Amino acid sequence: MTRNADLFKIARGIIPGGVNSPARSFNAVGGAPKFIARAHGAHLWDEEGVKYVDYVGSWGPMLLGHCAPQVTEAISEQLRRGVSFGAPCEVELKVALVIRELMPSVELVRMVNSGTEACMSAIRVARAFTKRDKVIKFEGCYHGHADFFLSKAGSGLATLGEPSSAGVPAHVAATTLNARFNDVASVEKIFAGNAGEVAAVIVEPVVGNMGVVLPADDFLKRLQEICTANGALLIFDEVMTGFRVARGGAQERFDVKPDLTTLGKIVGGGLPVGAYGGRKDVMEMVAPLGPVYQAGTLSGNPLAMTAGFAQLEQIAMNYRQIFPQLERMGALLEDQVMQHARARSYPVTYARCGSMATLFFTKEVVKSWEEASRCDTRSFTKYFWSLMKDGIYMPPSQYEAFFMSTMHTEEIVMHTAEKMRRALDSVFSEGHFRNK
Ligand SMILES: *Cc1c(COP(=O)(O)O)cnc(C)c1O
């Protein structure tokens, strides 16, 4: 057996499915996940010494690439001063202040340990503030694994949600109502059927968790108007898009100011950090100031805060270089791949927002989960393994975004484009076009 297969065998005997988060299992594409030994810049090395160009970036956090010197140095310095105190420390303020500088809608902010915690807590605050229980989310969006988010559309949209995971009580899933992304009418219909009961609408302003799906013109603005008209709060889940699609996240890029924002991923510089914040009058509900209980032993610990601050500080100082560069490299890869795909009429579409993108194996423009769910995942699997063989490490599922960092140079991108073209040729060469 290879070393990787050995490790995976041991892992499966001691960890459920051999992984500590299902997204990193290779269940959707078959085979064993690669055990990674180290990472640097835009690259990963697995336990067998094979080098890959990394387009997962730890699922989003590594905006500056792996082992960015400013982040690494700050962490090692803090290590010697202690990693957690369970008492306030100055670097918490630095993180909070830089978040507000980059994202002015966040007037008060509370640090937590994951995106899941951030979203779960934001909903609790919204429910307390509005004194209402129901929440609207969109099919295909992901907001972490709290019970009430593991809800899918029941029989037909605009009905009460049904659990999408075992272990979630039906009455909990039913407090979540599922609308269709980019479909304003589906949201209005739910509000009409639940007058005075909806606490909040939570949305990934650019969806990353069904693959990348962009908001249609004015969709986000319309959501804000509908929320205001109905006395509900608008929550942007920017765990993925925050400091990724623009300096100030999707709310800057699309010029919409949510009531609350949830953050994670980039905000921790690769360490486990989440945050939620927004309107001062709403965030004043949080304990010890207000009646909403939310706590965390390791929340705001100095090690994680130091890593997060080091990365956010780079963004605050260098955003004029960082975001145009990410945009340029994102566009270059798209053009290099799609010119080829279009010339050969391959049935694929490329969805991209700056440095996050998905190549969908469908001809349709993906506007919501309805189109995404019709992708040809068999072709995706073939494409994925072709890239893996060629040293390009992509997310092991059609329904994920891939990410670039500032370490993805033009040379790396051109090399990747060549391999992606080759992977597409191998998928579609045998004339087995599935016209999906
Ligand atoms: C990753 C993600 C989460 C969950 O964050 P965790 O840190 O994995 O708990 C929530 N919302 C969105 C949009 C995400 O991309």
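This text follows the structure it describes.
Please read all numbers here as calculations on a predicted model, not as lab measurements.

A.B. asks: Pulling in residues and values, what's your account of the overall build of the protein?
C.D. replies: Counting secondary structure elements, the protein contains 13 helices and 16 strands. What you see for the protein is a C-alpha radius of gyration of 21 Å, in line with the 22 Å of a compact globule of 436 residues. For the protein, the C-alpha atoms occupy an extent of roughly 60 × 55 × 45 Å along the three principal directions. Considering the protein as a whole, with its 436 residues, one finds that 56% of them fall into the buried category. Pairs at least 24 residues apart make up 72% of the contacts formed inside the protein by residues separated by at least 6 positions. Total accessible area computed for the protein in this model is approximately 18400 Å², and 53% of it derives from carbon and sulfur atoms. Charged side chains of the protein number 46 positive and 45 negative; the gap between the two group centres comes to 3 Å.

A.B. asks: Give a detailed account of empty space enclosed by the protein, specifying residues and quantitative values.
C.D. replies: In total, this model carries three cavities of 30 Å³ or more according to the counting rule given. By volume, the largest cavity is sized at about 80 Å³. Considering the residues around the largest cavity, the lining is formed by Thr358, Leu359, Phe380, Tyr383, Met394, Pro395, Ser397, Gln398, Glu400 and Phe402. Of all the secondary structure elements, the ones that give two or more residues to the lining of the largest cavity are strand 14 (356–360) and helix 12 (377–389). A per-class count over the lining of the largest cavity returns six nonpolar, three polar and one charged.

A.B. asks: Before we move on, can you summarise the state of the cysteines with the specific residues and values?
C.D. replies: Tallying each qualifying case throughout the model produces zero disulfides. With no disulfide of its own, Cys119 lies closest to Cys141 among cysteine sulfurs, the gap being 11 Å. With relative accessibility at 1%, the residue Cys119 sits in the buried group. You can see Cys375 has no disulfide; the closest cysteine sulfur is in Cys141, sitting 16 Å from it.

A.B. asks: Lay out the packing of helix 6 (residues 184–193) against helix 7 (residues 219–230) in plain terms, naming residues and giving numbers.
C.D. replies: Packing of helix 6 against helix 7 brings their axes to within 10 Å, and their N-to-C directions diverge by 10 degrees. When the interaxial angle is binned, helix 6 and helix 7 end up roughly parallel. Contacts between helix 6 and helix 7 involve Val184, Val187, Glu188 and Phe191 on the former and, on the latter, Phe219, Arg222, Leu223, Ile226 and Asn230. The residue inventory of the contact of helix 6 with helix 7, partitioned by class, reads six nonpolar, one polar and two charged.

A.B. asks: Tell me about the sheet that holds strand 16 (residues 402–403), and please be specific about residues and values.
C.D. replies: With antiparallel pairing, three strands are arranged side by side in an open sheet as 13-14-16. The outermost strands of the open sheet, each flanked by one partner alone, are strand 13 (349–353) and strand 16. Direction of pairing for strand 14 relative to strand 16: antiparallel, over a ladder of two bridges. When the bridges of strand 16 are listed, Ala357 appears paired with Phe402. Across the sheet, helix 10 (residues 302–343) is in contact with strand 13, strand 14 and strand 16; its angle to strand 13 comes to roughly 175 degrees.

A.B. asks: Could you give an account of the packing of aromatic side chains, with specific residues and numbers?
C.D. replies: Counted according to the given criterion, the structure contains 17 aromatic pairs. Between Phe361 and Phe380, the ring centres sit 6.2 Å apart and the planes meet at 80 degrees, which makes this aromatic pair edge-to-face. With Phe361 in the loop between strand 14 and helix 11 (369–372) and Phe380 in helix 12, this pair connects stretches of sequence that are 19 residues apart. Each of the two residues, Phe361 as well as Phe380, counts as buried. An aromatic cluster is present here, built from Phe26, Tyr346, Phe361, Phe380, Tyr383, Phe384, Trp385 and Phe428 joined pairwise through their rings. Between the NZ or CZ atom of Arg127 and the centre of the ring of Phe148, over which it lies, the distance is 4.8 Å.

A.B. asks: Requested: an account of the site of the ligand, with residues and values cited.
C.D. replies: Neighbouring residues of the ligand: Ser114, Gly115, Thr116, Tyr142, His143, Gly144, Glu204, Asn209, Asp237, Val239, Met240 and Lys265. At 2.8 Å, a backbone N or O of Gly115 approaches an oxygen atom of the ligand. Separating an oxygen atom of the ligand from a side-chain N or O atom of Thr116 is a distance of 2.6 Å. Taking 380 Å² as the accessible area of the ligand by itself, protein coverage stands at 83%. For the shell around the ligand, the residue count by class is three nonpolar, six polar and three charged.

A.B. asks: Give me helix 1 (residues 3–14): which residues, what numbers.
C.D. replies: Here helix 1 spans 17 Å end to end across twelve residues, near enough to the 16 Å set by a 1.5 Å rise per residue. Buried within helix 1 we find Asn4, Phe8 and Ala11. Projection of helix 1 onto a plane perpendicular to its axis shows the buried side chains occupying an angular sector of 60 degrees, all on one side. For helix 1, the exposed residues lying more than 90 degrees away from the buried face are Lys9, Ile10, Gly13 and Ile14.

A.B. asks: Give a detailed account of the layout of surface pockets, specifying residues and quantitative values.
C.D. replies: Over the atoms, a rolling probe the size of a water molecule traces out where space has been left empty. The space that makes up the second largest pocket amounts to roughly 320 Å³. Residue lining of the second largest pocket: 17 residues in total, with Glu92, Arg110, Gly296, Ser299 and Gly300 positioned closest to the centre. A class-by-class count of the residues in the lining of the second largest pocket yields seven nonpolar, eight polar and two charged.

A.B. asks: Please provide a residue-by-residue account of the pairing of strand 9 (residues 198–203), values included.
C.D. replies: Buried residues dominate strand 9, accounting for six of its six residues. Where strand 5 (residues 134–138) lies against strand 9, three bridges are found, and the strand directions are parallel. The partner of Lys134 across the bridge, within strand 9, is Val198. With four bridges connecting them, strand 9 and strand 10 (residues 233–237) associate as parallel partners. Bridge pairing links Ile202 to Ile235 in strand 10. With respect to chirality, the unit in which strand 9 leads through helix 7 into the neighbouring parallel strand 10 is right-handed.

Scoring rules and cut-offs
Residues numbered from 1 in each chain as written. Predicted model: local features only at pLDDT ≥ 70, side-chain atom pairs only at ≥ 80, totals over all residues. Heavy atoms only, no water. Helix = DSSP H or I, 4+ residues; strand = E, 2+ residues; numbered from the N terminus. Rg over C-alpha atoms; globule rule 2.2 N^0.38 Å. Buried < 20%, exposed > 50% of the residue type's maximum accessible area, 1.4 Å probe, protein only. Contact = heavy atoms within 4.5 Å. Areas by Shrake-Rupley, 256 points an atom, 1.4 Å probe, with all protein chains shown as cover. Lys, Arg positive; Asp, Glu negative; His and termini not counted. Charge placed at Lys NZ, Arg CZ, Asp CG, Glu CD. 1 Å grid on protein atoms, 1.4 Å probe; cavity = no way out; pocket = protein on both sides within 12 Å on 5 of 7 lines; lining within 4 Å. Points joined across faces, edges and corners; volume = space filled by probe spheres on them. Nonpolar A, V, L, I, M, F, W, Y, C, P; charged D, E, K, R; others polar. Disulfide = S-S within 2.5 Å. Axes fitted to C-alpha atoms, helices over the stretch in contact; angles between N-to-C directions. Parallel < 35°, antiparallel > 145°, perpendicular 65-115°, else oblique. Pairing = 2+ DSSP bridges. Phe/Tyr/Trp six-rings, centres within 6.5 Å; stacked < 30°, edge-to-face > 60°. Lys NZ or Arg CZ within 6 Å of the ring centre and 35° of its normal. Near = heavy atom within 4 Å. Polar contact = N/O pair within 3.5 Å; in protein donor to acceptor, adjacent residues only side chain to side chain. Expected span 1.5 Å × (residues − 1). Arc of directions from axis to C-beta. Right-handed = clockwise from strand over helix to strand, strands pointing away.

As far as function goes, none of this settles anything; it's purely spatial.
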